[in-house]
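Below, each chain spelled out in residue letters.
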Amino acid sequence: MENLPLTSNVRKDLPIKPSTSYQSVKQAKKLAARNVGISSDDDMIDITTSGTMTERTLNQRSPINLPGSGETEDIPGIGQYEDFHTIDWQRDIARDRQRHRYILKRRQNSFIDLIKSAHDAWSGWLCVLLVGLVTGTVAAIIDIGTSWMSDLKFGICPQAFWLNMEQCCWSSNETSIELDKGNCSQWLYWSEFLTSSNYGTFAYIISYLFYIAWALLFAALAAGLVRMFAPYACGSGVPEIKTILSGFIIRGYLGKWTLLIKSVGIMMCVSAGLSLGKEGPMVHIASCIGNILSYLFPKYGRNEAKKREILSAAAAAGVSVAFGAPIGGVLFSLEEVSYYFPLKTLWRSFFCALVAAFVLSSINPFGNEHSVMFYVEYHRPWMFFELIPFIGLGIIGGVIATIFIKCNIRWCRFRKSSILGQYPVLEVLLLTAVTAVLSYPNPYTRMGTSKLIYLLFSQCDVSSHDGLCDYTTEKANVAGPGVYTSMILLSMAFILKLVTTIFTFGIKVPCGLFIPSLAMGGITGRIVGIFMQQLAAKHPHLWFFDNSCGLPGQEDCITPGLYAMVGAAAVLGGVTRMTVSLVVIMFELTGGVRYIVPLMAAVMASKWVGDALGKEGMYDAHIQLNGYPFLDSKEEIVHTALAADVMQPRRAESLNVLTQSSMSLEDIEILLKETEHNGFPVVISRESQYLVGYVLRRDLQLAIENAKRTIDGLLPESLVFFTDVTQQIMPSPLKLKKILDMAPITITDQTPMETVVDMFRKLGLRQTLVTHNGRLLGVITKKDILRYIKQVDNEDPSSVLFH
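What counts and how
- Every residue gets a number counted from 1 within its own chain, in the order that chain's sequence is written.
- pLDDT decides what is reported in this predicted model: residues at 70 or higher carry local features, side-chain atom pairs at 80 or more are listed and counted, and totals for whole chains, interfaces and linings draw on all residues regardless.
- Side-chain metrics in this entry use all non-hydrogen atoms of the structure; hydrogen atoms and water are not considered.
- Put simply, DSSP marks the helices as runs of H or I at least four residues long and the strands as runs of E at least two long, and each gets a number from the N terminus on.
- For the exposure calls, accessible area comes from a 1.4 Å probe over protein chains only, and a residue counts as buried if that area is under 20% of its type's maximum, exposed if over 50%, partly exposed in between.
- A 1.4 Å probe and the Shrake-Rupley method give the accessible areas. Residues count as covered only by the protein chains that appear here.
- Definitions used throughout: a 1 Å grid over protein atoms alone; a cavity as a set of points that fits a 1.4 Å probe which cannot get out; a pocket as an open set with protein on both sides within 12 Å along at least five of seven lines; a lining residue as one with an atom within 4 Å of a point.
- Grid points are joined across faces, edges and corners, and a volume is the space filled by probe spheres set on the points.
- Under the convention adopted here, Pro, Cys and the residues Ala, Val, Leu, Ile, Met, Phe, Trp and Tyr are nonpolar, Asp, Glu, Lys and Arg are charged, and Gly plus all remaining residues are polar.
- Patch members must show over 30% relative accessible area and no salt bridge, and they are joined within 9 Å when carrying like charges or within 5 Å when they are nonpolar side chains of Val, Leu, Ile, Met, Phe, Trp or Tyr.
- Basic side-chain nitrogens of Lys or Arg form a salt bridge, by our definition, when they fall within 4 Å of a carboxyl oxygen of Asp or Glu.
- Just so you know, the count uses Lys and Arg for positive and Asp and Glu for negative, and it drops His and the chain ends.
- All charge positions are set by atom: Lys at NZ, Arg at CZ, Asp at CG, Glu at CD.
- What is meant by a nonpolar core is a set of buried Ala, Val, Leu, Ile, Met, Phe, Trp, Tyr and Cys residues, joined one to another through side-chain atoms within 4.5 Å.
- The criterion used for residue contact is that any of the two residues' heavy atoms lie within 4.5 Å.
- Any N or O atom pair separated by 3.5 Å or less is treated as a polar contact, with the protein-specific requirement of one donor-capable and one acceptor-capable atom, and with residues adjacent in sequence counted only for side-chain atom pairs.
- To get an axis, fit a line to the C-alpha atoms, keeping to the stretch in contact for a helix; angles then go from 0 to 180 degrees between the N-to-C directions.
- Any angle that is under 35 degrees is reported as roughly parallel, and any over 145 degrees as roughly antiparallel; angles of 65 to 115 degrees are reported as roughly perpendicular and all others as oblique.
- What makes a crossing left-handed is the near helix being turned counterclockwise from the far one by less than a right angle; a clockwise turn instead makes it right-handed.
- Pairing of aromatic rings covers Phe, Tyr and Trp, the last through its six-membered ring, and needs centres within 6.5 Å; plane angles under 30 degrees mean stacked, over 60 mean edge-to-face, and all others mean tilted.
- By definition, disulfides here are pairs of cysteine sulfur atoms that lie within 2.5 Å.
- Two strands are said to pair when DSSP picks up at least two bridges between them.

S.K.: For this particular structure, what's the right way to read the overall build of the protein?
M.R.: Broken down by element type, the protein carries 29 helices and 11 strands. In the protein, which comprises 803 residues, the proportion classed as buried is 59%. Here the protein has roughly 32,800 Å² of accessible surface; of this, 61% comes from carbon and sulfur atoms.

Set out below in structure tokens:
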């Protein structure tokens, strides 16, 4: 085989663009602030690591003296990362192991070193403890603030304006509040406050106008704060958290300003009555807290791979405080957002979620004895034949979720390509105005979405005043006219929720889709439950009821609230494609442990239908829409190819490489100037291109800059050595062996692409070198893998690049 020629021709498709390109970083930051989707033309790395690497390999992958190891780092900046680039997972793990070995070696020297060793051992637990404490406190503040501002749209407590309606009524021991009007003497609606009357057309108009005005004010404040101070605070944040946990660096996305603005903004957006929830953004908020607190511990703050262990635990705490579901939070982090989740991270995530839930329960923002958001208590177990309507709800949920995802993605794609995307604040205000105008006339959309879900899940009792519980007194399960009127209103509410959520998710304010999805599913389930209830009431002797209905004391054999709970899980499962974590969250959310089987049946049916009608859930769809650099571990490769078919450059093209001992400093600087590769293979010589190792572009640039400052007599014609040099050479050579990775991952040109993709997923590779009989042929990068998968799926390969 002929030798591959050495050349410095520019090939932008080999490995990746440099981290120090000012124009590319500047453009990426500008577009990121607008799209909140960072997907640069970089080679991305998954944050997984291999358990088969030897100590020699790990030492070779971390050749520099580490900070905190008692020695001075010779080349400042190595081991850190630029914005919009990826971490070297295996290298960071090697650095941490070397630091850990150094601490263990010195702990016998003195008592102080022993204390340092003990601190290093429990610093991870202390960090997640602090994350749990702060997350629980912030969640309680958000819950209290949201409740107060939501009630502020309807009225005010004159004696103490900072109290919401429920708290205001506690002082007068009047806690029963009707749907349309309150019977609390301490609380004044705006119509009462201005006209001393809460009845009549004029009072209705006053309340209507105040409702719209407060909604517009809250939405304008939220959109303005996001636009001016924290562009990263918009959206749900879950797709971006998934991308960050897979190894991508987005400076500022988990910063203090994002934390502050997202916490304040989500309270305002929910209070504005927009069709969104605060539960998804709580994952982002908790991750911000985890990122900020990790800097108190250099073990995590200065090591990006270790930091992601804290971020995984923080994501679990976010779901824990959002729903009062610590176990579901851990499973959510494991199933949905975390790419690398070892057993140690599982324990710490559970501890973090437990602490956060305990703090939230201690503060008691809901004002009741239950720590869950929608506590329900059904007195009758479900019957076996009900699995049929439960599975039917799962099918309906999958269809609704597919319609929602496809419509939302089309609208978001239109927003990005149209002039509408240039006026995000105006879009928020228009959407808020339309939502408020259409929501107020319907009592089920006028109330907060969380209150609506609680109403749908609840079981009717004698104290219920809502139309949903308008049953005849002669036979408690025969619906009266109020029930049918409520079903019509709920159907209209479902249509409004579906349409407004399609347009709302993705606007430039904090917004989540958990609560809107639960609301849509809850409405569907409640309607189906009422239908089944009336069927049992009017035809109790049908064979599938098995004489369980219509008998004395068994009139309520069908519980519509249970169907609402199952329908809510079905739609949310279809939207997010969660399974195990969703079932656990639902029974923790409601306290309905005995209904796990109906929830499992509906969630699985929803997932199967959703997968059949659409390939991905909402979070994965937004990852694809924004071109996030994420390699999905669940995706299967259908077609096959060989590594030689995917590698760059092709066989007939040239490859840019470095030689181990025959290139001058000037030659390397010219190569760096004329190419934009993120790294360069090092070979023996131009004639014998047998692989020696691999060097990163950033490390090479930092080493050259450091050498120019510290080495006297360094000239452009000085030779650069990537090997040990014993003889005297003039002018003074530049020795760069310590930045050389002498154990790069290599494959042969005949390796099947299924194996290559599996290696990238499980080893977290940044790139792999392709050889034939030991000679270097080319490179396969993470970007090449993403392009290959797109081509296999008959999609546009350029969609994985930043644009």
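S.K.: Would you mind going over the layout of surface pockets with me for this structure?
M.R.: Take a probe with the size of a water molecule and roll it over the atoms, and the empty space left behind shows itself. Computed from the structure, the second largest pocket encloses a volume of approximately 1,200 Å³. As for the second largest pocket, its lining consists of 42 residues, of which Lys-615, Glu-616, Asp-620, Ala-621 and Gln-624 are closest to the centre. Of all the elements in the fold, those that place two or more residues in the lining of the second largest pocket are α13 (326-337), α15 (387-417), α23 (596-613), α24 (618-625) and α29 (782-792). No other element matches the eight residues that α15 contributes to the lining of the second largest pocket. Considered class by class, the residues forming the lining of the second largest pocket number 12 nonpolar, 10 polar and 20 charged.

S.K.: Looking at this structure, how should I read a positive patch on the surface?
M.R.: On the surface, Lys-406, Arg-410, Arg-413 and Lys-416 cluster together to form a positively charged patch. Turning to its location among the elements, Lys-416 is positioned in helix α15. On the basis of relative accessibility, which here comes to 34%, the residue Lys-416 falls in the partly exposed class.

S.K.: Just checking my understanding: could you explain the nonpolar core for this structure?
M.R.: Side chains of a nonpolar character, in soluble globular proteins, are inclined to be buried together. Ranked by size, the top nonpolar core spans 147 residues in total, and within it Phe-323, Phe-332, Phe-457, Leu-518 and Met-586 carry the most contacts. Here this core gets 11 residues from one element, more than from any other, and that element is helix α21 (residues 560-576). Non-local contacts of Phe-332, meaning those with residues more than four positions away in its chain, are made with Val-238, Val-283, Val-319, Val-337, Phe-514, Met-578, Ser-581 and Ile-585. Ala-641, Ile-747, Met-759 and Ile-780 belong to the second largest nonpolar core, which has 26 residues in total.

S.K.: What's the story with the side chain of Asp-151 in this structure? I'm lost.
M.R.: Along the chain, Asp-151 falls in helix α4 (residues 111-152). The class for Asp-151 is buried, based on a relative accessible area of 4%. A polar atom in the side chain of Asp-151 sits 3.3 Å from the side chain of Lys-451. Those residues in contact with Asp-151 that sit more than four places away from it in its chain are Asn-164, Met-165, Glu-166, Trp-187 and Lys-451.

S.K.: How should I be thinking about the packing of α15 against α23 in this particular structure?
M.R.: Packed helices, taken two at a time, are described by the angle their axes make and the gap between the axes. Close contact between α15 and α23 brings their axes to 7 Å; oriented N to C, the two are set at 40 degrees. Judged by the inter-axis angle, α15 sits oblique to α23. Crossing angle aside, the handedness with which α15 passes α23 is right-handed. Contact with α15, carried on its side by Leu-387, Phe-390, Ile-391, Gly-394, Ile-395, Gly-397, Gly-398, Val-399, Thr-402 and Lys-406, involves Val-597, Pro-598, Ala-601, Ala-602, Ala-605, Ser-606, Val-609, Gly-610 and Leu-613 of α23 and no other residues of that element. Taken together, the residues of the contact of α15 with α23 break down into 12 nonpolar, six polar and one charged.

S.K.: Looking at this structure, I do not really get a nonpolar patch on the surface. What am I missing?
M.R.: A surface patch of nonpolar side chains, amounting to about 380 Å² of accessible area, comprises Ile-391, Ile-395, Val-399, Ile-403 and Leu-613. With respect to the helices, strands and loops of the structure, Ile-395 is situated in helix α15. On the basis of relative accessibility, which here comes to 41%, the residue Ile-395 falls in the partly exposed class.

S.K.: What is the right way to read the packing of aromatic side chains from this model?
M.R.: Centre-to-centre distance and the angle between the planes together describe a pair of aromatic rings. All chains considered together, the criterion is met by 18 aromatic pairs. With a centroid separation of 5.8 Å and 85 degrees between ring planes, the pair formed by Trp-190 and Phe-193 is classed as edge-to-face. Within this pair, Trp-190 and its partner Phe-193 are both found in helix α6 (residues 190-195), separated by three residues, close to a single helical turn. Here Phe-193 falls in the partly exposed class, since its relative accessible area comes to 44%.

S.K.: Looking at this structure, how should I read the state of the cysteines?
M.R.: In protein chemistry, a disulfide is the covalent bond that joins the sulfur atoms of two cysteines. All chains considered together, the criterion is met by one disulfide. Residue pairing for Cys-157: its cysteine sulfur links by disulfide to Cys-168, the two sulfurs lying 2.1 Å apart. Disulfide Cys-157-Cys-168: the torsion about the S-S bond is 75 degrees, which places it as right-handed. In this pair, Cys-157 sits in the loop between β1 (155-156) and α5 (165-170) while Cys-168 sits in helix α5, placing the two residues 11 residues apart along the sequence.

S.K.: Just to check I follow, could you spell out the pattern of salt bridges for this structure?
M.R.: Where charged atoms from two side chains of opposite charge approach closely, those side chains can pair. Summed over the entire model, instances satisfying the criterion amount to 21 salt bridges. Here Arg-99 makes a salt bridge to Asp-96, at a shortest N to O gap of 2.8 Å. Here the residue Arg-99 and the residue Asp-96 both occupy positions in helix α3 (residues 89-106), the gap between them amounting to three residues, near one helical turn. Looking at Arg-99, the relative accessible area reads 13%, which means it is buried. Each of Asp-96, Arg-99, Asp-120, Lys-306, Glu-309 and Arg-348 takes part in salt bridges that share partners, so that together they form one network.

S.K.: Looking at this structure, I do not really get the sheet that holds strand β9 (residues 746-748). What am I missing?
M.R.: Consider a sheet: its strands pair through backbone hydrogen bonds, and that pairing is either parallel or antiparallel. Ordered by their spatial adjacency, three strands build an open sheet running β9-β10-β11, and the pairing between neighbours is mixed. Lying at the two open borders of the sheet, with one neighbouring strand each, are β9 and β11 (775-781). For this sheet, the mean angle separating the axes of adjacent strands, direction not counted, is 35 degrees. In this sheet, strand β10 (residues 767-772) lies alongside β9 in parallel orientation, the contact comprising three bridges. Bridged to Ile-747 within β10 is Val-770.

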